[in-house]
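Here are the chains, one letter per residue:
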Amino acid sequence: LLTMPYQDRRGRTCGFLDIEEKEKSGKFLRRYLILDKVAGLLEYYMDNPLNLPDGTAPVCQINLSYIQNVFDARKQRPKIEFCFAILANSRHYFMQANDENDMDGWVDSINNASKITVPKKNLQRVAEQEDDAERMPGGYRAEIVGGMVVKTPIEMSDSDSDAENGKSRVSPMTRRKQALGLKPVKTGFCVKQGAVVKNWKRRYFVLDHEGLSYYKSNTDTDPIKVISLPDILHVKPYTGDLPRDNLFEVITTNRTFLVQADSPEEMQEWIQAINDTVNSFRRECPIQRKGSIPEARRRPRHTSPDSRQTLPRHLLGTQV
């Protein structure tokens, strides 16, 4: 009898589990998991990829560097046998194993694969970096790169392939939003395609009443880019040839952004939230069409009493 999880020929940990794809739904679906330590990914498919068409994309991918903890979750879900949970991207992924040994095997494998260790010879360098960071004016941002803690002053621009014309991050906008206490409509991690280099990167998205922003991580205070609400024309599911599930398009005046959600439900929530927010903005702040002249600024061709009656009320009686 084949034990679960098992190692495939490429050294990846594989096996079937029941997964709650939509958090707090209570609905668990049978999925095939692949833990690829070399690629740094935990992903799951509708079935064993060997049984699926070539190039079939996974239902979901979790970057191992985003996993904070994996634990026995039977206290949180007492009605689900052999239940464990993965905490990643500020979300719990609840999974049901086949038996006790299967659950312990997955918990240990994922925890070990997602561990970040720093060699002892580098501990002194890390300490020196921390001392230097404390002296950095304006604070710093901490990241794990190659098993090392790297701290960067937040004043430094963090470029992305989508950054236009080398513009730096918009700290003043962030400070203004914080001062006004603007609350986001929706937040969460998605994967987006780059503008120049067509690679895919996981970004933290924030939708509020001024626009759709995305960040390098959920701990960053300033966005890589802000797509303002007036620039968004439409948001809809992607219907092209790219073999990616849960993909949707944010169509703007200058470009179309391709964004991949973690699940079909999450994709629909993003589409609905963005379209609703844009429509609400248009109702409250009508956009003047290009080339048109606001009524208050128009001058009549004649100054007869009859023609003056067609002016707006606040201009009646004024000299033309």
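Check the entry above for the structure.
A short tour of the structure in this document, coming up. (Residues numbered from 1 in each chain as written. Predicted model: local features only at pLDDT ≥ 70, side-chain atom pairs only at ≥ 80, totals over all residues. Heavy atoms only, no water.)

**Focus: the environment of Glu 20**
Argument step 1. Among the secondary structure elements, Glu 20 is positioned in the loop between strand S2 (13-19) and strand S3 (29-36).
Argument step 2. When its relative accessible area of 0% is taken as the criterion, Glu 20 is described as buried.
Argument step 3. Each C-alpha atom of the pair Glu 20 and Phe 94 lies 5.6 Å from the other, and the pair is 74 residues apart in sequence.
Argument step 4. Aside from chain neighbours lying at most four places away, what touches Glu 20 is Ser 25, Gly 26, Lys 27, Phe 28, Arg 77, Arg 91 and Phe 94. (Helix = DSSP H or I, 4+ residues; strand = E, 2+ residues; numbered from the N terminus. Buried < 20%, exposed > 50% of the residue type's maximum accessible area, 1.4 Å probe, protein only. Contact = heavy atoms within 4.5 Å.)

**Focus: the packing of aromatic side chains**
Argument step 1. Counted under the stated rule, the structure contains five aromatic pairs.
Argument step 2. Ring geometry for Phe 205 against Trp 270: centres 6.2 Å apart, planes inclined by 65°, an arrangement best described as edge-to-face. Taken together, the residues Phe 205 in strand S12 (residues 200-207) and Trp 270 in helix H4 (residues 264-284) connect sequence positions 65 residues apart. Accessibility classification places Phe 205 together with Trp 270 in one group, the buried group.
Argument step 3. Ring pairing ties together the aromatic residues Tyr 66, Phe 189 and Tyr 204, which thus form one cluster.
Argument step 4. The ring of Phe 257 has Arg 255 lying over it, and the distance from NZ or CZ to the ring centre is 3.9 Å. (Phe/Tyr/Trp six-rings, centres within 6.5 Å; stacked < 30°, edge-to-face > 60°. Lys NZ or Arg CZ within 6 Å of the ring centre and 35° of its normal.)

**Here we look at the sheet that holds S12**
Backbone hydrogen bonds hold the strands of a sheet together, and the pairing may be parallel or antiparallel.
Argument step 1. Strand order in this open sheet of seven strands is S14-S13-S12-S11-S17-S16-S15, and the pairing throughout is antiparallel. Strand pairing shows two members of the sheet lacking a second neighbour, strand S14 (225-228) and strand S15 (232-237), which therefore form its edges. Taking each pair of neighbouring strands and ignoring which way they run, the sheet shows an average axis angle of 30°.
Argument step 2. Across four bridges, the pairing between strand S13 (residues 211-215) and S14 is antiparallel. Among the inter-strand pairings, Leu 212 is bridged to a residue of S14, identified as Ile 227.
Argument step 3. Strands strand S11 (186-193), S12, S13, S15 and strand S16 (247-252) of the sheet are contacted by H4, whose axis makes an angle of about 160° with S15. (Pairing = 2+ DSSP bridges. Axes fitted to C-alpha atoms, helices over the stretch in contact; angles between N-to-C directions.)

**Considering helix H1 (residues 100-114)**
Argument step 1. Between its terminal C-alpha atoms H1 stretches 21 Å, which fits the 21 Å expected from 15 residues at 1.5 Å a residue.
Argument step 2. One side-chain oxygen at the N-terminal end of H1 lies 3.2 Å from the backbone nitrogen of Asn 101; it belongs to Asp 99. (Expected span 1.5 Å × (residues − 1). Polar contact = N/O pair within 3.5 Å; in protein donor to acceptor, adjacent residues only side chain to side chain.)

**Structural notes on the pairing of S13**
Argument step 1. S13 sits mainly inside the fold: five of its five residues count as buried.
Argument step 2. Side chains Gly 211, Ser 213 and Tyr 215 project from S13 onto one buried face, and the interleaved Leu 212 and Tyr 214 project onto a second face that is buried too.
Argument step 3. Taken together, the four bridges between S12 and S13 define a ladder with antiparallel strand orientation. Looking at the pairing, Phe 205 lines up with Tyr 214 of S13.
Argument step 4. The loop that links S12 with its antiparallel partner S13 comprises three residues.

**Describing the pattern of salt bridges**
Any two side chains of opposite charge can pair, so long as their charged atoms come close to each other.
Argument step 1. All told, the structure shown has 12 salt bridges when counted by the stated rule.
Argument step 2. Where Asp 18 meets Arg 30, a salt bridge forms, and the shortest distance between an N and an O atom there is 3.4 Å. Taken together, the residues span a long stretch of sequence, with Asp 18 in strand S2 and Arg 30 in strand S3 at a distance of 12 residues.
Argument step 3. Measuring nitrogen to oxygen at the nearest pair gives 2.8 Å for the salt bridge that ties Arg 202 to Asp 262. Of the two residues, Arg 202 sits in strand S12 while Asp 262 sits in the loop between strand S17 (256-260) and H4, which places them 60 residues apart along the sequence.
Argument step 4. Residue class for Arg 202 comes out buried when judged on its relative accessible area of 11%.
Argument step 5. What you see here is one network of salt bridges that share partners, running through Lys 22, Lys 186, Glu 266 and Glu 269. (Salt bridge = Lys/Arg side-chain N within 4 Å of Asp/Glu carboxyl O.)

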